[in-house]
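Geometric and topological summary
Spelled out, the chains give:
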Amino acid sequence: MRVIVCENYDEVSKKAAQIVASEVVLNPKAVLGLATGSTPVGMYKILAEMNKNGEIDFSSIKSFNLDEYYPMSADNDQSYRYFMNENLFNHINIDIKNTHVLDGLAEDPEKECADYDKMIEEAGGIDIQVLGIGQNGHIAFNEPDSFLYANTHITDLTESTINANSRFFEKIEDVPTKALTMGIASILKARRIIILATGASKKAITKELIEGEISTNNPASMLKVHKDVILICDKEAYGE
Ligand code: F6R
């Protein structure tokens, strides 16, 4: 794993945007794996600006998001589909039909998950996957456990994740307790992965990711088996 330590959040956003932009420039038909959460918001802003300035073109780009709450309707302002439209898709020239987010209202969630993996495969696989990291080491919604799922699946959220995500909801009872999420193997199939970690709340898990052993109790540690992973973090997350 390569580690890029930046001065602050803005610099992390810029570095991450430059890396994603370079993929788009090199391959105008690239398949992007995208994440929600607070961390990539700055990166999305910069990508939207670069698109507006004519530096990058998303017209033939496809995207697949990591996860979606379940049950959750796409037009709910807490859905990850809504988040992506608001933070990126509405501001770039991507064809919305080429953007994929798991259906949080799927009647048959298992089928939805299996179809999603198939769609990614049929698109040629993910060229670059953007990840954030949970304070408990989760990537997408693969939560620490004695067992991790390989493929896209439905999962229960842990108390730590429900607490962390409650900041986006009026009250904690409103946070969904389940989600559809890409699995560890779905993520590891991406040709390149960038994982972003910023702020003091990510300090302990960033240290664990860099120094710790591979363990299902820290799902992000699974990334250590991948040959092209770049951790981009700020000084607060990196620590001393
Ligand atoms: C989001 C996702 C989550 C977040 C993680 C960090 O699609 O899959 O794993 O990346 O919870 O969230 P933030 O960036 O809000 O700290």
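Let me begin by describing the structure that accompanies this report. Computed from a predicted model, the values in this text were never measured in an experiment.

1. Observations concerning the pairing of strand β6 (residues 128–131)
- Burial along β6 is two-sided: the face carrying I128 and V130 and the face carrying Q129 and L131 are both buried.
- Looking at chain direction, strand β2 (residues 31–34) and β6 are connected through 2 bridges and run parallel. By the bridge assignment, L32 is partnered in β6 with I128.
- Both β6 and strand β9 (residues 192–197) contribute to a ladder of 4 bridges, which runs parallel. Bridging from a neighbouring strand, V130 pairs with I194 of β9.

2. Section: the packing of aromatic side chains
- Under the defined criterion, the tally for this structure stands at 6 aromatic pairs.
- Aromatic pair Y69 and Y80: ring centres 4.8 Å apart, planes at 45 degrees, arrangement tilted. On the criterion of sequence distance, the pair formed by Y69 in strand β4 (residues 67–70) and Y80 in helix α3 (residues 80–87) is long-range, its members being 11 residues apart.
- Arranged with centres 5.2 Å apart and planes meeting at 85 degrees, the rings of F147 and Y149 form a pair that is edge-to-face.
- A relative accessible area of 51% means that F147 is categorised as exposed.
- Among the aromatic side chains, those forming a connected cluster through ring pairs are Y69, Y80, F141 and F169.

3. Considering a nonpolar patch on the surface
- A surface patch of nonpolar side chains, amounting to about 370 Å² of accessible area, comprises M1, V3, V5, I210 and Y238.
- Structurally, the position occupied by V5 is in strand β1 (residues 2–6).

4. Things to note about the nonpolar core
- Among the nonpolar cores identified, the biggest contains 32 residues, and L131, I139, I187, I195 and L223 are the most heavily contacted of them.
- Mapped by element, the contributors of at least two residues to this core are α4 (109–122), α6 (184–188), β9, α7 (203–211) and β10 (229–234).
- In this structure, M43, I61, F83 and L196 belong to the second largest nonpolar core, which totals 31 residues.

5. Here we look at the sheet that holds strand β8 (residues 178–181)
- The 3 strands are arranged β4-β8-β7 in an open sheet whose pairing can be described as antiparallel. Both outer strands of the open sheet, β4 and β7 (153–156), are each paired with one neighbouring strand and no more. Between one strand axis and the next, the sheet turns through 30 degrees on average, direction left out of account.
- Bridge analysis of β4 against β8 gives 4 bridges, and the strand direction is antiparallel. Bridging from a neighbouring strand, Y69 pairs with A179 of β8.
- Each of β4, β7 and β8 touches α4; the most contacted strand, β7, lies at about 125 degrees to it.

6. Some remarks on the environment of P40
- When you line up the elements, P40 lands in the loop between β2 and α2 (41–52).
- Sequence separation between P40 and I96 is 56 residues; the distance between their C-alpha atoms is 19 Å.
- Excluding residues that lie within four positions of it along the chain, P40 makes contacts with Y9, A35 and L196.

7. Some details on the pattern of salt bridges
- Going through the model one piece at a time under the given rule, you end up with 10 salt bridges.
- The salt bridge involving K235 is made with E7; its shortest N-O contact spans 3.1 Å. Of this pair, K235 sits in helix α8 (residues 235–238) while E7 sits in the loop between β1 and α1 (9–26), and the two are 228 residues apart along the sequence.
- The class of K235 is partly exposed, set by a relative accessible area of 46%.
- We note a salt bridge from D174 to K171, for which the minimum N-O separation is 3.3 Å.
- In this structure K171 comes out as partly exposed when scored by relative accessible area, which is 45%.

8. Some thoughts on the sheet that holds strand β3 (residues 62–65)
- With parallel pairing, the 7 strands of this open sheet are ordered in space as β1-β10-β9-β6-β2-β3-β5. On the outer flanks of this sheet lie β1 and β5 (99–100), each paired with one strand and no other.
- Packing of α7 onto the sheet brings it into contact with β1, β9 and β10, and relative to β10 it is tilted by some 150 degrees.

Analysis parameters
Residues numbered from 1 in each chain as written. Predicted model: local features only at pLDDT ≥ 70, side-chain atom pairs only at ≥ 80, totals over all residues. Heavy atoms only, no water. Buried < 20%, exposed > 50% of the residue type's maximum accessible area, 1.4 Å probe, protein only. Helix = DSSP H or I, 4+ residues; strand = E, 2+ residues; numbered from the N terminus. Pairing = 2+ DSSP bridges. Phe/Tyr/Trp six-rings, centres within 6.5 Å; stacked < 30°, edge-to-face > 60°. Patch = residues over 30% accessible without salt bridge, like charges linked within 9 Å, V, L, I, M, F, W, Y side chains within 5 Å. Areas by Shrake-Rupley, 256 points an atom, 1.4 Å probe, with all protein chains shown as cover. Salt bridge = Lys/Arg side-chain N within 4 Å of Asp/Glu carboxyl O. Core = buried A, V, L, I, M, F, W, Y, C linked by side-chain atoms within 4.5 Å. Axes fitted to C-alpha atoms, helices over the stretch in contact; angles between N-to-C directions. Contact = heavy atoms within 4.5 Å.

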